[in-house]
Amino acid sequence: MNAGRTWIGLTLGCLALTPALGQGSAIPPHPNERYLREWAQELSAEAQRAANTASFAERNAIHARAVTAESADLAARALHLDSRAQRDAIERTFAAATLEAGARFGPAFHADGTYDPAQEQAKKAAQNAAGSVARAYGPALVAALDGRPIPTAADQARLDSVLSRARFEDVARIMDPTVGSTLGETEGERLREAAKTLVPAEDWSRSMLEELPTRQPGEQPLRAEELKVLEAQIRLANATWKAGQVHRAVAENNPGRISITRAGNYAPFDLMQYEVYSRAAEESTRHLSERGGMTGAQLATQAARNASARATFEVYKDFHEAKQGGTEDPAERAARLEQVQKQLSRTYVQELRGMTFAELRAEAKALGVELPEGRFDRKELARTIWDAVLPEQARTVEASAPAPARQGAAERLGELVPREARGRRVRGR
């Protein structure tokens, strides 16, 4: 094997999982930490396998499937998506978006997966594209929350409305309960000041922290259903960023980008929040102790609030990338939406063609599609469903064209923790 491909396996093979962060400290353990760390192990193992693959296309496909399986599963649970139509639509959207985000790195690599240093600008362009890819697939998230497989212009308008009105305080409201429970009813400026205590002035993100939007007098917080849209978009932005990390790891000779040690942000989204919070709590406790003048209880409370604000800011970065990734040009927006519609339609048509007669009937019922009376075969039933569901401009897609594979990764990673068992083990949010 090419020596340039073995370094990740050798390096990651020496990395051990961090012990439970709540052990031996005042930081409470995450109630789902074991489950999240199992996902982290599988994600990192698949990333390692992808990095050592002698093909860029295969590397991207392996990694996109792994990121999709982990990210879509956790998103569906956090958003309380109970119907199969919702879960399938979310997974379909994450699959297409992560595959595209990773494929953006293609011009910087040779077909055999080796990096071309002369294409550094192409690599940087791909790094900066994660937010725009997530934003492009954002309307599909809105549709998925309603159990619909294909987005419309109305979904795009709804997403734009939510993102334009979302403030730092709204991001705080979607934080993992273990992390966000110490925030309290804190207004945005106090959140910002708390986060500043843990973001050094020289940090690249300090300017973003200084400029982030907080709620102004007269502005209303997002409603519960709008918060779901916001959280779904943030989680997708995190997934599209993560999709490129395996390519950056290879290009930069930096296996830390796909490691699951405590120092990295590659961990599953919910675990990443908890780890940022835990590190920040320890750091804030140390700073406040050195400053003095507080009782033990006061110090613990303030340190927890500062840490929660810092973790919220880390999540805000994904929101910022997705929001900035939009375009104001109406023609570009319409064209991009049509591309997304066709990509998701292609995948959906393939799925319909692979369903049994009983599965097609269940799909029609879930989508509210009325079936004609009389006898008809499976192909006719599939056609009835996609004619009722797919937008007019997407009905001409060729089902034989390449589309993101989803089920393979879900089955492979599902061997770790059966899906039916996960539903019993993971506490709802």
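None of these values were measured; they are calculated from a predicted model.

**Student:** Which parts of the structure should I look at to understand the overall build of the chain?
**Tutor:** A count of helices and strands for the chain gives 21 helices and zero strands. The buried share among the 429 residues of the chain stands at 54%. Partitioning the contacts of the chain with sequence separation of at least 6, the portion at a separation of at least 24 is 76%. As displayed, the chain has an accessible area near 19,000 Å², and 50% of this comes from carbon and sulfur atoms.

**Student:** What's the story with the layout of surface pockets in this structure? I'm lost.
**Tutor:** Over the atoms rolls a probe the size of a water molecule, and in doing so it shows where empty space is left. The space that makes up the largest pocket amounts to roughly 760 Å³. Lining the largest pocket are 31 residues, with Trp204, Trp241, Asn265, Glu314 and Lys317 sitting closest to its centre. Looking at the lining of the largest pocket, the elements that each hand over two or more residues are helix 5 (120-127), helix 6 (130-136), helix 13 (224-243), helix 14 (245-251), helix 15 (269-291) and helix 16 (296-324). Considering only residue class, the lining of the largest pocket consists of 13 nonpolar, eight polar and ten charged.

**Student:** Is there a simple way to think about the packing of helix 4 (residues 84-103) against helix 7 (residues 138-145) in this case?
**Tutor:** Packed helices, taken two at a time, are described by the angle between their axes plus the distance between the axes. One can describe the packing of helix 4 onto helix 7 by two numbers: an axis separation of 8 Å at closest approach and a directional angle of 170 degrees. Our classification of the angle between helix 4 and helix 7 gives roughly antiparallel. Listed contacts from helix 7 to Gln86, Ala89, Ile90, Thr93 and Phe94 of helix 4 are Ala140, Leu141, Ala144 and Leu145. Grouping the constituent residues of the contact of helix 4 with helix 7 by class yields seven nonpolar, two polar and no charged.

**Student:** Could you clarify how one ought to interpret the environment of proline 268 in this entry?
**Tutor:** Tracing the chain through its elements places proline 268 in the loop between helix 14 and helix 15. Residue proline 268 is classed as buried on the basis of its relative accessible area, which comes to 0%. Placed 198 residues apart in sequence, proline 268 and glutamate 70 show a C-alpha to C-alpha distance of 7.1 Å. Those residues within four positions of proline 268 in sequence are excluded, and the remaining contacts are Leu36, Trp39, Ala40, Glu70, Leu74 and Lys242.

About the thresholds
- Residues numbered from 1 in each chain as written.
- Predicted model: local features only at pLDDT ≥ 70, side-chain atom pairs only at ≥ 80, totals over all residues.
- Heavy atoms only, no water.
- Helix = DSSP H or I, 4+ residues; strand = E, 2+ residues; numbered from the N terminus.
- Buried < 20%, exposed > 50% of the residue type's maximum accessible area, 1.4 Å probe, protein only.
- Contact = heavy atoms within 4.5 Å.
- Areas by Shrake-Rupley, 256 points an atom, 1.4 Å probe, with all protein chains shown as cover.
- 1 Å grid on protein atoms, 1.4 Å probe; cavity = no way out; pocket = protein on both sides within 12 Å on 5 of 7 lines; lining within 4 Å.
- Points joined across faces, edges and corners; volume = space filled by probe spheres on them.
- Nonpolar A, V, L, I, M, F, W, Y, C, P; charged D, E, K, R; others polar.
- Axes fitted to C-alpha atoms, helices over the stretch in contact; angles between N-to-C directions.
- Parallel < 35°, antiparallel > 145°, perpendicular 65-115°, else oblique.

None of the figures reported here should be taken as evidence of function without further support.
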